[in-house]
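Listed below are the residues making up each chain.
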Amino acid sequence: MAASALGARLVQMATNIRETRWAKIPWDSYASGAAISASRLILERLCGTGLIPSSYPIQVLHPWGLHPLAVPLYSTSRTRIVYEGTSHTRSEKIEAIADQRLVQENLHVCFIGQDTHGQDDTNCSRCEKCIRTMIVLDILGRLRDFRMFDRSSYRIELASRMDALHGTRRSMHYEIRELALRHGRLDIVRQIDISVRRSKRAAFLKRFAKWPVLWRLPHLSWKRAFGELAHLHRIERPQSDGAA
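Residues numbered from 1 in each chain as written. Predicted model: local features only at pLDDT ≥ 70, side-chain atom pairs only at ≥ 80, totals over all residues. Heavy atoms only, no water.

For any two helices packed against each other, the geometry comes down to the angle between their axes and how far apart the axes lie. In the contact formed by helix 5 (residues 128–139) and helix 6 (residues 167–182), the axes pass within 9 Å of each other and the chain directions differ by 15 degrees. Between helix 5 and helix 6, the interaxial angle falls into the category roughly parallel. Between helix 5 and helix 6 lies a crossing of left-handed hand. From helix 5, Glu128, Arg132, Ile135, Val136 and Ile139 reach across to helix 6, where they touch Arg169, Met172, Ile176, Leu179 and Ala180. Residue composition of the contact of helix 5 with helix 6, grouped by class: seven nonpolar, no polar and three charged. (Axes fitted to C-alpha atoms, helices over the stretch in contact; angles between N-to-C directions. Helix = DSSP H or I, 4+ residues; strand = E, 2+ residues; numbered from the N terminus. Parallel < 35°, antiparallel > 145°, perpendicular 65-115°, else oblique. Left-handed = near helix turned anticlockwise from the far one by under 90°. Contact = heavy atoms within 4.5 Å. Nonpolar A, V, L, I, M, F, W, Y, C, P; charged D, E, K, R; others polar.)

The following block contains the structure:
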């Protein structure tokens, strides 16, 4: 395991937070920072600092559950919660560790996995988060080295199927585009530009979402442009034989 190879102690946790009223709260915007900070505070008798990797660089500030100004406020008198890595984008972080064999053998970025619950420590290799990481590794010429990704259905055209409707995703689009330009991958730059154009068109048509009949326009436009990477649905686990 990666933890043992690094000489670290792995502490596995499980939570039922999504089975409570927290499930009704927008996870990205509100719940993520509190839930992840809580997992660090549970261990405050063992460690004095809890690190939470940054979602975005400090230059990109927007309402978000993991915000560099909000996360440290979860600190206590015994444990300091640190929002780590705001000096770099996600693409820059991947670039910095892409040559390390331990990372190549263990990189896990997916919260869906093969079981659709994210509990099997695998990358589904078909959700937007996986595709985005695979595109960055492709730009760096390292995708073949990362064995936890299934490359059988990967192609650069998937970059045009990632929507950039929201500011958070749009910022990631532009950082990948900058990386692609720096490495001379103009083919990927073109696909990202297509995604941005499609997203602008979808944002314009969104104003008709509540109009009679015309609501079909934004729905069909989004499905045609980004439906290939539609949200994956969780498969309900079968009940055990002893269940009532």
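To continue, consider the pattern of salt bridges. The final tally for this structure, using the stated rule, is nine salt bridges. Between arginine 182 and glutamate 95 there is a salt bridge; the shortest N-O distance is 3.3 Å. With arginine 182 in helix 6 and glutamate 95 in helix 3 (residues 90–97), this residue pair connects regions lying 87 residues apart in the sequence. Among the residues examined, arginine 182 registers a relative accessible area of 51% and is labelled exposed. Under the relative-accessibility criterion, glutamate 95 is labelled partly exposed at 27%. A single network of salt bridges, built from pairs that share partners, joins Glu128, Arg132, Asp163 and Arg169. (Salt bridge = Lys/Arg side-chain N within 4 Å of Asp/Glu carboxyl O. Buried < 20%, exposed > 50% of the residue type's maximum accessible area, 1.4 Å probe, protein only.)

Turning to the layout of surface pockets, a few remarks are in order. Taken as a whole, the second largest pocket holds about 200 Å³ of empty space. What lines the second largest pocket is simply Leu165, His166, Ala202, Lys206, Ala209, Trp215, Pro218, His219 and Trp222. Broken down by element, the residue count for the lining of the second largest pocket peaks at three residues, all from helix 8 (residues 216–226). Looking at the lining of the second largest pocket residue by residue, the class counts come to six nonpolar, two polar and one charged. (1 Å grid on protein atoms, 1.4 Å probe; cavity = no way out; pocket = protein on both sides within 12 Å on 5 of 7 lines; lining within 4 Å. Points joined across faces, edges and corners; volume = space filled by probe spheres on them.)

Turning next to unusual backbone geometry. Although it is not a glycine, serine 125 adopts a positive phi angle of roughly 65 degrees. Within the secondary structure, serine 125 is located in the loop between helix 4 (101–106) and helix 5. Despite not being glycine, valine 213 has its phi angle at roughly 65 degrees, a positive value. Within the secondary structure layout, valine 213 lies in the loop between helix 7 (186–205) and helix 8. Relative accessible area serves as the criterion here: at 57%, valine 213 is assigned to the exposed category.

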